[in-house]
Amino acid sequence: MIKPKIFIACDTNKISEVKRIINLTRTNKLDIGYKFGLEFFYSKNGRKFISKIKKKKIFLDLKLNDIPATCVAAVKSLRDIKNINYLTLHANAGEETIKAVVKFVKKSNTKIRILLVTVLTSISNSSIKKIGHTKPIIDLVKKQALLAKSSGCHGIVCAGSDLKSIKKIFKGEIITPGIRLKGDSFGDQKRVMGPKESFKNGSTALVMGRSIIKGNIQNNISKLIKELN
Ligand code: C5P
């Protein structure tokens, strides 16, 4: 049986906390990987720690968002970290950057898979207007999915609410953050979904941070397994 794929967001700046998260999330019922974002990657020794993790799926969530030359150079600078499975690039960087990064990754001898980040799960339809967009989020996300497809991205990161539309356009991996276990507070997230519904709507994997790493981690993992059943 295929196990549900979950990336635990290691949103901390402490190596000891990452070690604790890894230890307490061991289970044979889920296919677990670990996501490292800006907080841990920028922390002292964070980068080095990530590079030494063995036998785990590593998702580096740097959401690259710059001109083509800068993003390609940034990916080159990660070359010494051999264990990266996934790296994120923001759709806002534009077609030229996305194509340049995907081309570079595909021609270099690396296992890195590029995930295109669409509109963030913390953004609502009213907040997207404040950054100048006039259309609803879903219209924007559909365009971003087309871009991911035409640029050859390996996967997409999108909110649960966007899954059904994206599924029709993009056939690669679809990874969904903004996941909450029943009763958990949304925090800064606006477009949130439960784990079971998200898989049902088409996610190939989920990203879970606070619902797992806050409070009793082992209990949270058990709760997740129960909700998925
Ligand atoms: O704690 P929570 O489960 O809300 O954390 C979600 C994680 O997913 C964070 O690490 C955040 O950076 C990341 N993320 C997100 N929304 C996106 C892309 C990534 O929340 N669209």
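The structure reproduced in this document is the subject of the present report.

Parameters and conventions
Residues take numbers from 1 onward in each chain, read along the sequence in its written order. Owing to the predicted nature of the model, reporting of local features is limited to residues with pLDDT of at least 70; listing and counting of side-chain atom pairs is limited to 80 or more, with chain, interface and lining totals taken over all residues. As a convention, hydrogens and water are excluded, and side-chain values are obtained from all of the structure's heavy atoms. For Phe, Tyr and Trp, rings pair up if their centres lie within 6.5 Å, where Trp contributes its six-membered ring, and each pair is then called stacked (planes under 30 degrees apart), edge-to-face (over 60) or tilted (otherwise). We call a residue buried when its accessible area falls under 20% of the maximum for its residue type, exposed when it is over 50%, and partly exposed in between, using a 1.4 Å probe and counting protein chains only. Helix and strand assignments come from DSSP, with helices taken as H or I runs of at least 4 residues and strands as E runs of at least 2, each series counted from the N terminus. Directions from the helix axis toward the C-beta atoms define the arc. Note on definitions: a residue-residue contact is assigned when non-hydrogen atoms from the two residues lie within 4.5 Å. For salt bridges, the criterion is a side-chain nitrogen of Lys or Arg within 4 Å of an Asp or Glu carboxyl oxygen. Think of it this way: DSSP has to see at least two bridges between two strands before they count as a pair. If the strands point away from the viewer and the path from the first strand over the helix to the second runs clockwise, then the crossover is right-handed. Residues are classed as near a molecule or strand on a simple rule: at least one heavy atom within 4 Å of it. Polar contacts, as counted here, are pairs of nitrogen or oxygen atoms within 3.5 Å of one another; within protein the pair requires one atom able to donate a hydrogen and one able to accept it, and residues that are adjacent in sequence qualify only if both atoms are side-chain atoms. Classes in brief: Ala, Val, Leu, Ile, Met, Phe, Trp, Tyr, Cys and Pro nonpolar; Asp, Glu, Lys and Arg charged; the others, Gly included, polar. Here, nonpolar core refers to any group of buried Ala, Val, Leu, Ile, Met, Phe, Trp, Tyr and Cys residues whose side-chain atoms link them within 4.5 Å.

## Thoughts on the packing of aromatic side chains
Inspection of the entire model under this criterion finds five aromatic pairs. The interplanar angle of 40 degrees and the centroid separation of 5.3 Å between the aromatic rings of Phe 36 and Phe 40 together place this pair among those described as tilted. A relative accessible area of 0% means that Phe 36 is categorised as buried. A ring pair is formed by Phe 40 and Phe 49, whose centres lie 5.9 Å apart and whose planes are at 80 degrees; its orientation type is edge-to-face. Counting every residue linked through ring pairs, the aromatic cluster contains Phe 7, Phe 59 and Tyr 86.

## Thoughts on helix H4 (residues 68-76)
Of all the positions in H4, only Cys 71, Val 72 and Val 75 are classed as buried. With its buried residues spanning 95 degrees around the axis, H4 presents them on a single face. For H4, the elements touching its buried residues are strand S3 (57-64), strand S4 (84-90) and helix H5 (95-107).

## What to know about the pattern of salt bridges
Counted under the stated rule, the structure contains 11 salt bridges. When the shortest N-O distance is used, the salt bridge between Arg 191 and Asp 162 registers 2.8 Å. Highlighted residues: Arg 191 in the loop between strand S7 (173-176) and helix H9 (195-200) and Asp 162 in the loop between strand S6 (155-157) and helix H8 (163-169), separated in sequence by 29 residues. Looking at Asp 162, the relative accessible area reads 3%, which means it is buried. A cluster of three or more residues bridged by salt bridges with shared partners is formed by Lys 5, Arg 113 and Glu 173.

## Observations regarding the pairing of S7
Look at any regular strand and the pattern is simple: side chains alternate between the two faces of the sheet. Residues Glu 173 and Ile 175 line one face of S7 and the alternating positions Ile 174 and Thr 176 line the opposite face, and both faces are buried. Bridge count for S6 against S7 is three bridges, and the pairing is parallel. By the bridge assignment for S7, Val 157 is matched with Ile 175. Crossover connection from S6 via H8 to parallel S7: handedness right-handed. Pairing of S7 with strand S8 (residues 205-208) involves two bridges; the strand directions are parallel. Following the sheet pairing, Ile 175 is matched in S8 by Ala 205.

## Some points on the site of the ligand
For the ligand, the set of nearby residues contains 15 residues, the closest of which are Asp 11, Lys 35, Thr 121, Gly 209 and Arg 210. Take Thr 121: an N or O atom from its side chain is 2.7 Å from a nitrogen atom of the ligand. Note that an oxygen atom of the ligand is positioned 2.7 Å from one of the side-chain N or O atoms of Arg 210. Of all the elements in the fold, those that place two or more residues in the shell around the ligand are S3 and S8. Partitioning the shell around the ligand into residue classes produces six nonpolar, three polar and six charged.

## Regarding the nonpolar core
Ranked by internal contacts, the top residues of the largest apolar core, which has 63 residues, are Ile 8, Phe 36, Leu 60, Leu 87 and Ile 114. Residues within four places of Ile 114 in sequence aside, it is in contact with Leu 87, Leu 89, Val 101, Val 102, Val 105, Cys 153, His 154 and Gly 155. Grouped together as the second largest cluster of nonpolar side chains are 10 residues, Phe 59, Tyr 86, Val 117 and Val 157 included.

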